[in-house]
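Here is how the chains run, residue by residue.
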Amino acid sequence: MLELARYDGRQRLKGSLYLSAAMSLLAVTVVWIYPSFSGSFDDVDEEFLQAYPEGVIQLFDIRTMASLEGFLAFELYVFGWTILLGLYLAYLGAGTIADDVERGRMDVLLSMPISRARTVAEKFASLAVPIIVVNVVTPIVVFVAATLVGEPISAADLVALHALSVPYLFACGAIGLVASVAVDRVGIAQRLALGITFGLFMLESLLTGTDYESVGAVAPMRYFDPNAVLLESSIDPVHAGILVAMTLVLVVTSQRWFERSDIAS
Amino acid sequence: MAAIELEGLTKDYGEVLANDGVTFSVERGEIFGYLGPNGAGKTTTIRTLLGLLAPTAGTARVLGRDVTDEDALLEAKRQLGYLPDAPAFDETATGREVLELHAAIKGDERSEALLELFEPPLDRPVRDYSHGNVRKLGLVTTFMHDPELVILDEPTSGLDPLIQHRFAEFLREERERGVTVFFSSHVLSEVRRLCDRVGIIRNGRLVTVEPVESLLDRSGKVVRLRAAASISREALAIDGVHDLETSVVRTGGDSDGEGSEITECTFTFTGDVNALLAHLREYRLLDLSIEEAPLEGVFMRFYGGEESTDAESKPGLTERPGGG
């Protein structure tokens, strides 16, 4: 078991290290500019928040800029994690099956004694490598950088936030996985996955506070709230559970779908 | 129990009927050639056997297991080797990493011996492989777990002649060991060298299944000759000569002095080559070539040339020499 996941995971290791380096660079930049921002204004929150249009504040769920935590939650976690990494995992997920099918590698793979359901599950499982690596490397960098600029933040909150982002990123990857079995051209699967993931983010953000807020419940973004963790140390295990359940539903759907399709040649 | 059994296998893509009621079986321990022009439906049959395509109608069994039952087919796949027509491996991995993955999933009984035989460049990434090298790596992955049955889709295309030769030798040895081989080809000479029996598919329909000798008797050879004499058409009206075309070229008085006649003949020959050579001894030949008939030509001659020929009216079948 897991031979395929191990193999794919190994192939993803290098890319994951580059990804972590890029996210760490973003983190360091955000932490590094914070003191000069907060030092330039008497009342950071007042002036910052007024400077942003109402729509942007709602879209990015900007709560406060008066602390490094609030600044990080918006600049790094909502933007970098919820949006950028969410889209990236959806993109990676979309490449898992469709790429092998399009390039003819799936024929060789499925000629081995390995079921289609297992192929889907193991290929999906290999996404754990980028998800884990980026969530181990970046918080260490954030913690050290915050300490170095004299704005230390809670290590426990940081760990909790990154732990909660793991099921979130798997859910985004699972959206890509469905796209990957639904179409057999990888380019289309990737665009589909990016479109759906970004659409869900917009849906969730823009419907918040309206009569249609409940529609946003289908979006994984609703269950990952960097502000709540960093500002209030509030961890919602139910939300994590919902993300895990979403992921499972999407993976099982992908397995059933893939079992029923002809492999394009 | 046959190694492969097809019963009325049909795959309908809507606009194309890729396989239309294909029925045949491959016995254990034989080398079975699946012959047909490009686009005839060979790959569709093979990919259905692998469970990659679901048949529209009909059934197929591989090593006794129904190909539409995934769990059953997985059992068969432990004893199955498969080389697709365009094998593809992870391009970022080296050949060695690909072999390690295959070994981990299906086992490795003898990759070392296979590597000596086919020599793919293991330490290079697959991205840098030529087509031939990808196929060599594919041959190793196909046979490394010592399968009972191998299915090969156009196995020799892209291999250089030396490796083709080794591959043919290897396949015969595999048959001696009891391995069943099912391979597709559009090259008649390859099939004749290797196969015990041949199934011919055209436009999705199985045209015939027969021992390779009877097919060869009927397919004939293309003979081209040039003679420094006049050969009348009647002189070549011997048994087994078909589609005779002759032309006479007159060379004007060059260095030899007086002008001479050169006769060029082309025909398909289905008789005994010795009889033909004996017959030609009376002429002074400038050149003679006897070649395998191209597969398309075989179809034209024996199964009617038109694409639209349907199974019920194969006019060519009645005139086949040797009677099959």
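Scoring rules and cut-offs
- Residues numbered from 1 in each chain as written.
- Chains lettered and ligands numbered in written order.
- Predicted model: local features only at pLDDT ≥ 70, side-chain atom pairs only at ≥ 80, totals over all residues.
- UniProt positions renumbered as here; feature names shortened; annotations may be inferred.
- Helix = DSSP H or I, 4+ residues; strand = E, 2+ residues; numbered from the N terminus.
- Rg over C-alpha atoms; globule rule 2.2 N^0.38 Å.
- Buried ≥ 20, exposed ≤ 12 C-beta atoms within 10 Å, placed from the backbone.
- Contact = placed C-beta atoms within 7 Å.
- Pairing = 2+ DSSP bridges.
- Domains from an automatic or database assignment.
- Axes fitted to C-alpha atoms, helices over the stretch in contact; angles between N-to-C directions.
- Parallel < 35°, antiparallel > 145°, perpendicular 65-115°, else oblique.
- Left-handed = near helix turned anticlockwise from the far one by under 90°.
- Nonpolar A, V, L, I, M, F, W, Y, C, P; charged D, E, K, R; others polar.
- Core = buried A, V, L, I, M, F, W, Y, C linked by C-beta atoms within 7 Å.
- pLDDT = per-residue confidence, 0-100.

- As annotated in an unreviewed UniProt entry, chain B carries the name ABC transporter and comes from Haloterrigena salina JCM 13891.
- Quoted verbatim from the Sequence similarities (unreviewed entry) field of UniProt, the annotation for chain B is "Belongs to the ABC transporter superfamily."

- By the naming in an unreviewed UniProt entry, chain A is ABC transporter permease, taken from Haloterrigena salina JCM 13891.

A look at the overall build of chain A
Part 1 of the reasoning: When helices and strands are tallied, chain A shows 11 helices and zero strands.
Part 2 of the reasoning: Overall, chain A shows an N-to-C arrangement of helices and strands of α-α-α-α-α-α-α-α-α-α-α.
Part 3 of the reasoning: Against the compact-globule benchmark of 18 Å for 265 residues, chain A has a radius of gyration of 20 Å, which places it among compact chains.
Part 4 of the reasoning: Considered along the principal axes of its C-alpha atoms, chain A spans approximately 65 × 45 × 30 Å.

Some details on the overall build of chain B
Part 1 of the reasoning: Within chain B one finds 10 helices and 14 strands.
Part 2 of the reasoning: Here chain B holds 324 residues, and the buried ones make up 38% of them.
Part 3 of the reasoning: The contacts in chain B between residues at least 6 apart in sequence include a share of 70% that link residues at least 24 apart.

Some remarks on the pairing of strand S11 (residues 221-227) of chain B
Residue and element names in this part refer to chain B.
Part 1 of the reasoning: In this sheet, strand S13 (residues 260-269) lies alongside S11 in antiparallel orientation, the contact comprising seven bridges. Directly across from Ala227, in S13, lies its bridge partner Thr263.
Part 2 of the reasoning: Strand direction decides the pairing type here: S11 and strand S14 (residues 285-292), joined by seven bridges, are antiparallel. Its bridge partner lying in S14, Val223 is registered against Ile290.

Here's the deal with the domain arrangement of chain B
Size of an interface: often given as the accessible area lost when the parts come together.
Part 1 of the reasoning: According to the domain assignment, chain B contains domain 1 (4-217) and domain 2 (221-292).
Part 2 of the reasoning: The C-alpha centroid of domain 2 of chain B is placed 41 Å from the C-alpha centroid of domain 1 of chain B.

Quick look at the packing of helix H6 (residues 116-125) of chain A against helix H11 (residues 237-260) of chain A
Residues and elements named next belong to chain A.
Part 1 of the reasoning: For the pair H6 and H11, interaxial distance at closest approach is 8 Å and the crossing angle is 140 degrees. If you check the angle between H6 and H11, you find them oblique. Where H6 crosses over H11, the handedness of that crossing is right-handed. For the pair H6 and H11, the contacting residues are Arg116, Ala117, Val120, Ala121 and Phe124 in the first and Val251, Ser254, Gln255, Phe258 and Glu259 in the second.
Part 2 of the reasoning: Residue classes in the contact of H6 with H11 are distributed as six nonpolar, two polar and two charged.

Describing the interface of chain B and chain A
Part 1 of the reasoning: Counting residues at the interface gives 25 residues for chain B, matched by 19 residues for chain A.
Part 2 of the reasoning: The set of elements that each furnish at least two residues to the side of chain B that touches chain A consists of helix H1 (42-49), helix H2 (70-77), strand S6 (80-83) and helix H3 (95-106) of chain B.
Part 3 of the reasoning: No other element matches the five residues that H3(B) contributes to the side of chain B that touches chain A.
Part 4 of the reasoning: Among the residues making up the side of chain B that touches chain A, the classes are represented as 16 nonpolar, three polar and six charged.

Let's talk about the packing of helix H4 (residues 111-118) of chain B against helix H5 (residues 131-143) of chain B
Residues and elements named next belong to chain B.
Part 1 of the reasoning: In the contact formed by H4 and H5, the axes pass within 9 Å of each other and the chain directions differ by 155 degrees. Compared by their axis directions, H4 and H5 come out roughly antiparallel. Regarding H4 and H5, the two cross each other, and that crossing is right-handed. Seen from H4, the contacting residues are Ser111, Leu114, Leu115 and Phe118; seen from H5, they are Lys136, Leu139, Val140 and Phe143.

Here we look at the sheet that holds strand S12 (residues 241-251) of chain B
Residue and element names in this part refer to chain B.
Part 1 of the reasoning: Read from one edge of the open sheet, four strands run S12-S13-S11-S14, paired in antiparallel fashion. In this open sheet, the two strands that pair with only one neighbour each are S12 and S14. Shown here is a sheet whose adjacent strand axes are inclined to one another by a mean of 10 degrees, direction ignored.

So, unusual backbone geometry
Residues and elements named next belong to chain B.
Part 1 of the reasoning: One non-glycine residue with positive phi stands out, namely Leu63, at about 50 degrees.
Part 2 of the reasoning: Within the secondary structure, Leu63 is located in the loop between strand S4 (57-62) and strand S5 (65-66).
Part 3 of the reasoning: Among the residues examined, Leu63 registers 22 C-beta atoms within 10 Å and is labelled buried.
Part 4 of the reasoning: For Glu119, which is not a glycine, the phi torsion comes out positive at approximately 50 degrees.
Part 5 of the reasoning: Topologically, Glu119 is positioned in the loop between H4 and H5.

So, the UniProt feature "domain: ABC transporter" (unreviewed entry) in chain B
Part 1 of the reasoning: Mapped onto this structure's residue numbering, the UniProt feature "domain: ABC transporter" (unreviewed entry) falls at residues 4-228 of chain B.
Part 2 of the reasoning: Between the C-alpha atoms that bound residues 4-228 of chain B there is a distance of 54 Å. The span itself is 36% helix and 30% strand.

What about the nonpolar core?
Part 1 of the reasoning: Counting 137 residues, the largest nonpolar core has Leu89(A), Ala174(A), Ile175(A), Val62(B), Ile151(B) and Val181(B) as its most contacted members.
Part 2 of the reasoning: Element by element, the count of residues in this core is highest for helix H4 (residues 68-102) of chain A, at 18 residues.
Part 3 of the reasoning: The contacts of Ile151(B), once residues within four sequence positions are left out, are Ile46(B), Leu49(B), Leu80(B), Tyr82(B) and Phe182(B).
Part 4 of the reasoning: In this structure, Leu225(B), Cys265(B), Phe269(B) and Leu276(B) belong to the second largest nonpolar core, which totals five residues.

Examining the sheet that holds strand S9 (residues 197-202) of chain B
All names here are of chain B.
Part 1 of the reasoning: Taken in spatial order, the six strands line up as S6-S7-S8-S3-S9-S10 in an open sheet, and their pairing is mixed. Looking at strand neighbours, the two that pair on one side only are S6 and strand S10 (205-211), the edges of this open sheet. Sheet twist, expressed as the average angle between the axes of neighbouring strands with direction ignored, equals 15 degrees.
Part 2 of the reasoning: Note that strand S7 (residues 149-153) and strand S8 (residues 180-185) share five bridges and pair parallel. Note on S8: the bridge partner recorded for Asp153 is Ser184.
Part 3 of the reasoning: Lying over the sheet, H1 contacts strand S3 (31-35), S7, S8 and S9, oriented at roughly 145 degrees with respect to S7.
Part 4 of the reasoning: Each of S9 and S10 is contacted by helix H8 (residues 212-219), which is oriented at about 110 degrees to S10, the strand it contacts most.

Structural notes on the confidence of the model for chain B
Part 1 of the reasoning: Looking at chain B, the pLDDT average stands at 86 and 88% of residues meet or exceed 70.
Part 2 of the reasoning: With a pTM of 0.84, the predicted complex shows an ipTM of 0.86.

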